[in-house]
Amino acid sequence: MVVKIWKYGIVFLILAIFGVSCLLGDRQDVKYGLAVAQSNYEDIAVNDGTKTCAAHAAEASVPDTFKKVADNEQLELYLEEESVAIAVKDKCSGYVWFSYDVGTDMQEAGYSADMIAYIKSGISIMTYDKFTPGRRTILGDKAEKTFRLRDDGFTVTIDFTKAQIKFDMAVTLRQGDVIVHIPRESIQEYNPKLWKPGNDDISLSEIIVFPFFGSAASKEDGYIVIPDGSGAMVNLNETPKYATGYSAPVYGQDPGYENTVELNPRRIAVKPLERVSLPIYGMIHDADRAGVLVIAENGASYATYNYVSKNLQTNYYQSYFTYNYRTAYAQFQSRVKEDQHILGFQEQPNRFDLVQRYVFLNGKQANYVGVAKGFRDFLVKKDGLAKKADNTHDKVPMKIDFINNEITMGTLGLEDVPATTYKQAQEIVGTLADKGYDRLNVSFKTFVKEDRSYRFKVMKHLGGSPAFQETTEYFASKGIKFSYYVDYARSYYEKTRYTASKLNRKDASVLNENKSLYNYLNNPKYFEVLAEKDLAAFQKYDIGSLALDGFGTSLFTHYDHGTIGYSNEGMAYVEHLLQLLNDNGIQTGLYQPDAYLYKYVSEYYDAPVASSELLFIDATIPLVPLVLSGYTDMYSSYMNFSSNDADAALRLIEFGIYPSFVLTGESTYDIKRTASNDVYTSELEYLEDRIDFYYSTVNRALKEVAGREMIDHTILDAGVVLVEYDNGRKIIMNYNGSDYMYEDVKIKSKGFEIL
């Protein structure tokens, strides 16, 4: 009997090991860790002196407390050693930029000693004093400073001796740019008792770089360019519209530190802020004369953009980045009571070199268009961003996404929900093609039950391989571009074997507000594993283009078997995936890509057409389209549901963005309880008139500039905008409820004219 039990035990053990191996699959051999490419910031200059100089402005004097430490043909760099403040003189315009207002007596202005120290100090840090966050400044903490001058600037070692934190900072000139560099290897938390029991730990949380650089009490013709959504601007008026502040993480919130929001049917959903997909901001002091573009060049995934209005904390408008090196997270003590937790901290600061670039703009470049074009030039020089060959068109394209398959909970478990068969998709596309829509861009979107996500699979109940191949061959015969929608970054409903862990060891999940379900975030190290599994199928079915989604939530700090995975490593994993696909001849269109991915983007989907439109914003501007127009085609979010078609169509025209729709062959009701529950109408018979309106309106306006570069954008009056393209065409749009006269041209209410 004992022998039998022993034998059965051995059998069960073997089966258990086999089962675990199957569960782990190809995961077990993938170790975390990928070398992050070093920044080549020293190799490039955005302002390379090729632009024409503006007329000289009245030159401001530089106080004697500042000493000139470097100059070149375009800039002079000054340093105030006591505060590590800087001043930069643009020789082209004669304008001098300061890292704080040197013309005001801060004590007479009524500022506290702490605030004066913050305003004047070039660098400040945020620390955790045990668990409590606090700000420390160079002047307030009497930090020790050791300077080393160099031909192109200076390096300073800043030692916050009270906190026992020190690091090096280099400030250097590169033609018309100033570059700030804080090497990660120089950061030292040298308290020998740090993290030991009973110690009053003081640890680094954030570094704040020149938070008052370019700050101003008011500028008659000045404004701040904010990277909110499509882009926004705030005028530097004497009295702000609203005294408020705004902060948003570049490339989105880091869910690795955050608790997952509970899915509660009674929870009141608040419209989320638009994402910051550009790691930049602009400060324009005198439009068309003096401005500066600031780029979070390295460390962007740990950067937070901050705007502070006048009369909130100081008498100045501020715009600056902070960089996160450590954030407290909830370390749960109970599996059932989430209120039982302590604050947890990672022992080592986040691993990235901080590089922040100031590009000085003058003349006709000193405006929000110049900010966008300056960043575009940066991407061209640094990342090799290139215009696509034969990108101009005689008609505008239109994107059609088909939902082919979804899943829902059935009587006996998860069941497939066929939404569009391959034959139905072919028939719908044929109907649209017969109406003259011959520049269609079609994607298939298939939820694969086994993967709990949208992946590539040819399904029998949708028609199988013969029908799929017949449909794709039909698309090719009609000149219709076809791509397959794939999401390697997330799973839906529940975790999979690829799901990452947050720093508190819980599953990396986020609440998808639009769909009222949870997304589970894949560990970035598996992106290539998942793609490699699909390459043979892509080749078999001649899939030459993918529509990739999910990378907007793929940058996060996480725990991986004793290792900390950093968000900048996640960036590297995404880039490796896209390079792998490109190397295999597969084009990569992306939904809401962040700027670091632009060089891989064959087409941009779900392009932003609005800022968050917060109360303090004076105007929404097409910052993203100004960067990418002429380099890649951009498509809107789904226009199935727009509540104001006239304004929405004008916004597409203004931003140079092409319309996009999502369709199904079956009733929309069928997908009501699926991951596509946010699609309220999807049948062609109900959308045909709407498709006709959007396409005819946008095509009439943009057909002569399709694929061209937008070279200028001007707000002529409230609700009236003029856009110019590189072929000389101009389009003027009138959002107002009454007609508008521009020179001798009348623009009808809610209309446009091509000039």
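A quick note: this is a predicted structure, and the numbers were derived from the prediction, not measured.

One non-glycine residue, glutamine 164, adopts positive backbone phi at about 60°. If you trace the backbone, glutamine 164 turns up in the loop between β8 (153–160) and β9 (165–174). Glutamine 164 gets classed as partly exposed once you look at its relative accessible area, which sits at 26%. For arginine 452, which is not glycine, the phi torsion reads 55° and is therefore positive.

Looking now at the pairing of strand β27 (residues 481–486). β27 sits mainly inside the fold: five of its six residues count as buried. Pairing geometry for strand β25 (residues 440–448) and β27, over five bridges, is parallel. Bridge pairing in β27 links lysine 445 to tyrosine 485. Where β27 lies against strand β31 (residues 545–548), three bridges are found, and the strand directions are parallel. Each bridged residue has a counterpart across the sheet, and for tyrosine 484 the counterpart in β31 is leucine 546.

Let us look at the sheet that holds strand β44 (residues 751–754). Taken together, four strands build an open sheet; the order of strands is β39-β40-β41-β44 and the sheet is antiparallel. One side of each edge strand has no neighbouring strand; the edge strands of this open sheet are β39 (710–717) and β44. The mean angle between the axes of side-by-side strands here comes to 15°, regardless of whether they run parallel or antiparallel. When strand β40 (residues 720–725) meets strand β41 (residues 730–734), the two strands line up antiparallel, connected through five bridges. What sits directly across from valine 721, in β41, is methionine 733. The strands touched by helix α9 (residues 645–655) within the sheet are β39, β40, β41 and β44, with β41 carrying the most contacts at an inclination of about 150°. Contacts from helix α10 (residues 684–702) reach β40, β41 and β44, with the element oriented near 30° to β44.

Quick look at helix α7 (residues 567–583) now. Relative to the 24 Å expected for 17 residues at 1.5 Å per residue, α7 spans 24 Å between its end C-alpha atoms, a close match to the ideal helical length. Most of α7 is tucked away: twelve of the 17 residues are buried. Along α7, the positions that sit buried rather than exposed are Ser567, Asn568, Glu569, Gly570, Met571, Ala572, Tyr573, Val574, Leu577, Leu578, Leu580 and Leu581. On its buried side, α7 packs onto α6 (527–540), β31, β33 (563–565) and β34 (587–591).

Quick look at the pairing of β25 now. Of all the nine residues making up β25, nine are buried; the element is thus mostly covered by neighbouring parts of the structure. Alternating residues of β25 divide into Leu440, Val442, Phe444, Thr446 and Val448 and Asn441, Ser443, Lys445 and Phe447, and every residue in both groups is buried. Pairing of strand β23 (residues 398–410) with β25, which is carried by seven bridges, proceeds in the parallel orientation. When the sheet's bridge partners are listed, lysine 399 is paired in β25 with asparagine 441. One ladder, built from two bridges, connects β25 with strand β26 (residues 453–454); its direction is antiparallel. Looking across to β26, one finds that valine 448 is bridged to serine 453. Where β25 folds back on β26, the antiparallel hairpin that results is connected by four residues, among which arginine 452 adopts a positive phi of roughly 55°.

Inspection of every chain in the model, using the stated rule, returns 41 salt bridges. The closest approach of N and O atoms between arginine 136 and aspartate 129, which form a salt bridge, is 3.2 Å. For arginine 136, a relative accessible area of 12% translates into the label buried. On the basis of relative accessibility, which here comes to 32%, the residue aspartate 129 falls in the partly exposed class. Connected via shared salt-bridge partners are Lys373, Arg376, Asp377, Lys387 and Glu709.

Let us now look at the packing of α6 against α7. Across the interface, α6 lies against α7 with an axial gap of 9 Å and an inter-helix angle of 15°. The pairing of α6 with α7 is recorded here as roughly parallel in orientation. Relative to α7, the crossing made by α6 is right-handed. In this structure, α6 uses Phe527, Glu528, Ala531, Glu532 and Leu535 to contact α7, whose residues at the interface are Tyr573, Val574, His576, Leu577, Leu580 and Leu581.

About the thresholds
Residues numbered from 1 in each chain as written. Predicted model: local features only at pLDDT ≥ 70, side-chain atom pairs only at ≥ 80, totals over all residues. Heavy atoms only, no water. Helix = DSSP H or I, 4+ residues; strand = E, 2+ residues; numbered from the N terminus. Buried < 20%, exposed > 50% of the residue type's maximum accessible area, 1.4 Å probe, protein only. Pairing = 2+ DSSP bridges. Axes fitted to C-alpha atoms, helices over the stretch in contact; angles between N-to-C directions. Contact = heavy atoms within 4.5 Å. Expected span 1.5 Å × (residues − 1). Salt bridge = Lys/Arg side-chain N within 4 Å of Asp/Glu carboxyl O. Parallel < 35°, antiparallel > 145°, perpendicular 65-115°, else oblique. Left-handed = near helix turned anticlockwise from the far one by under 90°.

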